[in-house]
Amino acid sequence: MPSGICTKKGVGGRQSSLEFIIAFVMFPDVPKNGKKETGNFPASGSLPVDQSGHFIMANAVRALSIDAIETAQSGHPGLPLGVADIATVLFRSFLKFDPNEPEWPDRDRFVLSAGHGSILLYALLHLVGYADMSLDCLKSFRKLHSQAPGHPEVRCTAGIETTTGPLGQGLATAVGMAIAEQHLASRFGETLVDHYTYVLVSDGDLMEGISHEAIALAGHLVLKKLIVLFDDNGISIDGPVSLSDSVDQCARFQACGWNVISINGHDPLRITYAIATARESGQPTLIACKTIIGYGAPKKQGTSSAHGSPLGPAEAKAAKAALGWPYAPFEIPDNIRNAWLRDGIRGIEDRKAWQERYARRDKATRDLFDRQMKGELPAELDDIISCYKKNLINIPESLSTREASGKFLDVVNPVLQEAIGGSADLTGSNKTKSKDMTVFSATHPSGRFIHYGIREHAMAAAMNGIALHRGLIPYSGTFLVFSDYCRPAIRLSALMKQRVIYVMTHDSIGLGEDGPTHQPVEQLASLRAIPNLLVMRPCDIVETAECWQIALHRMQGPSLIALSRQSLPQFRLETEEKNISARGGYVLKPATQDAQVTLISTGSEIQLAVRAQEILEAKGIATTVVSLPCWELFDTQPEIYRNFVISSATICIAIEAGSSMGWKRYTGDNGTVITLDTFGESAPYEDLYDHFHITPESIVSAAMCCLENKNERDLEKRGT
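An account of the accompanying structure is given in this report. Small disclaimer: the values here were computed from a predicted structure and weren't measured. (Residues numbered from 1 in each chain as written. Predicted model: local features only at pLDDT ≥ 70, side-chain atom pairs only at ≥ 80, totals over all residues. Heavy atoms only, no water.)

### Considering the overall build of the protein chain
A tally of regular secondary structure across the protein chain gives 27 helices and 19 strands. Against the 2.2 N^0.38 benchmark of 27 Å for 720 residues, the protein chain shows a C-alpha radius of gyration of 29 Å, consistent with a compact globule. Each of the three principal axes of the protein chain carries a C-alpha extent, and together these read 95 × 60 × 45 Å. Counting only residues that meet the buried cut, the protein chain has 61% of its 720 residues in that class. Summing over all exposed atoms, the protein chain offers an accessible surface of approximately 26900 Å²; the carbon and sulfur share of this is 52%. (Helix = DSSP H or I, 4+ residues; strand = E, 2+ residues; numbered from the N terminus. Rg over C-alpha atoms; globule rule 2.2 N^0.38 Å. Buried < 20%, exposed > 50% of the residue type's maximum accessible area, 1.4 Å probe, protein only. Areas by Shrake-Rupley, 256 points an atom, 1.4 Å probe, with all protein chains shown as cover.)

### Comments concerning a negative patch on the surface
A cluster of like negative charges, contributed by E513, D514, E686, D687, D690 and E697, occupies part of the molecular surface. Looking at the negative patch, the element that brings in the most residues is helix α26 (residues 685-691), giving three residues. Tracing the sequence through the fold places E513 in the loop between β12 (501-505) and α20 (523-528). On the accessibility criterion, E513 (46% relative accessible area) is partly exposed. (Patch = residues over 30% accessible without salt bridge, like charges linked within 9 Å, V, L, I, M, F, W, Y side chains within 5 Å. Salt bridge = Lys/Arg side-chain N within 4 Å of Asp/Glu carboxyl O. Lys, Arg positive; Asp, Glu negative; His and termini not counted. Charge placed at Lys NZ, Arg CZ, Asp CG, Glu CD.)

### What to know about unusual backbone geometry
Look at K497: it is not a glycine, yet its phi comes out positive at around 60°. In this fold, K497 is placed in the loop between α19 (483-496) and β12.

### Here we look at helix α16 (residues 401-412)
Here α16 spans 16 Å end to end across twelve residues, near enough to the 16 Å set by a 1.5 Å rise per residue. Among the residues of α16, those classed as buried are T401, R402, A404, S405, G406, F408, L409 and V412. The elements touched by buried residues of α16 are α15 (381-394), α17 (427-430), β11 (473-479), β12 and α21 (541-553). (Expected span 1.5 Å × (residues − 1). Contact = heavy atoms within 4.5 Å.)

### Some details on the packing of helix α18 (residues 456-469) against α19
Here α18 crosses α19 at 20°, and the two axes come no closer than 6 Å. Accordingly, the angle class assigned to the pair α18 and α19 is roughly parallel. Relative to α19, α18 is oriented so that their crossing is left-handed. Contacts between α18 and α19 involve E456, H457, M459, A460, A461, N464 and L468 from the former and Y485, C486, P488, A489, L492, S493 and M496 from the latter. Grouping the amino acids of the contact of α18 with α19 by side-chain chemistry returns ten nonpolar, three polar and one charged. (Axes fitted to C-alpha atoms, helices over the stretch in contact; angles between N-to-C directions. Parallel < 35°, antiparallel > 145°, perpendicular 65-115°, else oblique. Left-handed = near helix turned anticlockwise from the far one by under 90°. Nonpolar A, V, L, I, M, F, W, Y, C, P; charged D, E, K, R; others polar.)

### Description of the packing of aromatic side chains
Applying the stated criterion across every chain, the model contains 20 aromatic pairs. When the centroid spacing of 5.5 Å and the interplanar angle of 80° are considered together, the rings of F91 and F110 count as edge-to-face. Pair noted here: F91 is in helix α3 (residues 78-94) and F110 is in strand β2 (residues 109-112), with a separation of 19 residues, a long-range link. Both residues of the pair, F91 and F110, belong to the buried class. Centre to centre, the rings of F188 and F369 are 5.2 Å apart; their planes meet at 80°, and the pair counts as edge-to-face. Remark: F369 occurs in helix α14 (residues 363-374) and F188 occurs in helix α6 (residues 169-188); sequence separation between them is 181 residues. Members of the aromatic cluster, joined through ring pairs, are W631, F634, Y641, W663 and Y666. Directly above the ring of Y196 sits K225, whose terminal nitrogen or CZ lies 5.8 Å from the centroid. Residue placement shows R528 over the ring face of W631; its charged tip is 4.1 Å from the ring centre. (Phe/Tyr/Trp six-rings, centres within 6.5 Å; stacked < 30°, edge-to-face > 60°. Lys NZ or Arg CZ within 6 Å of the ring centre and 35° of its normal.)

### As for the sheet that holds strand β19 (residues 672-674)
Taken together, the five strands give an open sheet; going across it, the order is β15-β17-β16-β18-β19, and neighbouring strands pair in mixed fashion. The open sheet is flanked by β15 (586-589) and β19, the only strands paired with a single partner. Along the sheet, successive strands turn relative to each other by an average axial angle of 30°, direction set aside. Examined bridge by bridge, strand β16 (residues 597-601) and strand β17 (residues 623-627) share five bridges and lie parallel to one another. Bridging across to β17, S601 finds its partner in S627. (Pairing = 2+ DSSP bridges.)

### Let's talk about the packing of helix α4 (residues 118-128) against helix α12 (residues 334-344)
For any two helices packed against each other, the geometry is given by the interaxial angle and the distance between the axes. Contact pair α4 / α12: the axes reach a minimum separation of 7 Å and the direction vectors enclose 90°. Taken together, the axes of α4 and α12 are roughly perpendicular relative to one another. Packed against α4, whose contacting residues are L124, H126, L127 and V128, the element α12 presents R337, W340, L341 and G344 at the interface. Here the contact of α4 with α12 is composed, by residue class, of five nonpolar, two polar and one charged.

### A few points about the nonpolar core
Membership of the largest hydrophobic core comes to 73 residues, with the highest contact counts inside it found for L226, W258, I490 and L560. With eleven residues, the single largest contributor to this core is α6. With sequence-adjacent residues up to four places away left out, L560 is seen in contact with L480, I490, Y502, M504, L527, L533, L534, V535 and M536. If you look at the next biggest cluster of nonpolar residues, it comprises 62 residues, including M57, V83, V128 and W325. (Core = buried A, V, L, I, M, F, W, Y, C linked by side-chain atoms within 4.5 Å.)

### So, the pairing of strand β3 (residues 197-201)
Two faces, one strand: in a regular strand the side chains alternate between the faces of the sheet. Across the five residues of β3, five count as buried, placing the element largely inside the fold. Across the two faces of β3 the burial is the same, with T197, V199 and V201 and Y198 and L200 all buried. The sheet contact formed by β3 and strand β4 (residues 226-232) spans five bridges and is parallel. The residue of β4 that forms the bridge with L200 is L229.

### Details of the environment of W663
Of note, W663 is situated in the loop between β18 (651-655) and α25 (664-667). Along the sequence, W663 and V673 sit ten residues apart, while their C-alpha atoms lie 7.2 Å from each other. When sequence neighbours within four positions are dropped, the list of residues in contact with W663 reads R528, I600, T602, L628, W631, A654, E656, V673 and T675.

### A look at the environment of E456
Assignment of secondary structure puts E456 in helix α18. Measuring from C-alpha to C-alpha, the distance between E456 and E617 comes to 45 Å, with 161 residues separating the pair along the chain. Side-chain polar atoms of E456 contact the side chain of T478, separated by 3.4 Å. (Polar contact = N/O pair within 3.5 Å; in protein donor to acceptor, adjacent residues only side chain to side chain.)

In structure tokens, the structure reads:
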């Protein structure tokens, strides 16, 4: 083993052969003592002897990073300068990819969890030949509509596997990608699915709490094709990491069941050896790479001043001089560029070999693999759902919507083999494990249900990774109040436009005795505020099925289904071929004549609105009940439809056992809300609804009051 490499739980008996392969084959331009070698660059032409081999290639990455940040007058130079050696070894010698086929299913995944160092990734993508990342893109770094934004964005350019920036998210997302690889490999075989997930993390990533959830889960599941490269530079924004943290990260990962390797992050031979060892370890591996932040910048390297602002013209010039880079801004000599481009096409042979293996598989397997990777649903799924809805109409059933959700999954999951479910230690409560599902584990990776444990944050982020990987539809459950733990990852689901389904049960004070710590109040409003997130709160078993159908079909964003603990009556008693919940809102119970009052509600409060309607109609007040399971979908409907469902000519009253925030858009100034703007209490749920005046009687009283006020205003108008 090369000196300077410390391994823990490494692979025994293979070190000498690995060392031989690495030293003499992978790195012919690096002498066996790990120092730079003099001589000609492999491309045509020669370079100065002190800029040969690996180091000149890494310095090309550093130079482009410096130039882009200086041009933008914004960015984070410390990370790209510090980890260029690590990234260069990874991209040149290990990472399996083809810039000409960036969506090739069996490519390796690389996640830059330390997203603030985005220019590192952009420089690499440019050098290896991704067409989307031109030199002009680097020159427009951090500019409006640039394909090189401040932090990596998955839909911005090819080669970016996930959006990162919020620290820790990339690491947890990578765990999901590794789960997807391991599961799909067990189903389709390693001839079709056999790749690694690499993730580069910073000190900040590992300080975030989500990191512990993620590494514990990965260690437990033995995600052996997950390799984490830790930029261990000991510096954070405020100064030395020791100001705020003294954790032994290697020991922490080791305690979670990881293989751990510690190396000098500026030594290409040791980096190469460590990655090669990690790939054969049979465990997830942490490679702790000791680096110097801002490497090469004479005055700023090794300090926090290198982290988050441009080096400045003088320091940038001095850094290039120290690195032996005499070229003009954004200039890459042809021989260096050609060498990088040759590395970029290295994966073509792998991709062609994969295509040959794919072609040898039977047509049924190929068709299933293609359908799942494209995200298309089984052709028979909608017919199965339609038949299920008809059966519900024929045999009405009162039950909680969480139980209704479980029944739906029992019907569709046997045919929807790409669905991979889970729960944050609340499986029995969330009803997310259908009868046909077995548990995903290290020894049974073909299982389709994941016990995430009490790790809501990592669960949500891992589902993003599963969705980004392609081939699977992730869903999982917890209590709605704990959506706060999931929120950063939910926001990224929406930002990345990923089909992730969040099943959130116990959605109101209706959960009862567990009290205000578990009773969501503000959660629905806060979740509805997230752009591109569908928040659906069905009122009965039929709406629950329709909400699930909407979520499964939605390929451009996540969905959250909020479900009740308490039993609810079935209101949908007539057969509907169409999914009427897909319009977001509809008239559930029309008035007997021209309506004077419109009661608008969701979920468990629909039954209160229906009872209030009966009382009002008995008083001669024509009343319509509108079910509004999804605001976001309703708001996209044509104005004529929205005005038909919620008529401004009526008194509109909104009823929901949650925050009033946002409801005024539907009730207008003449209406009112029956909601909850305080924390709950611990008591049986029936008592709580009475205590907080969310009752049919309160609704009727509010309607009568609003009508009286309206009549008075009408009289005043006529009087004037």
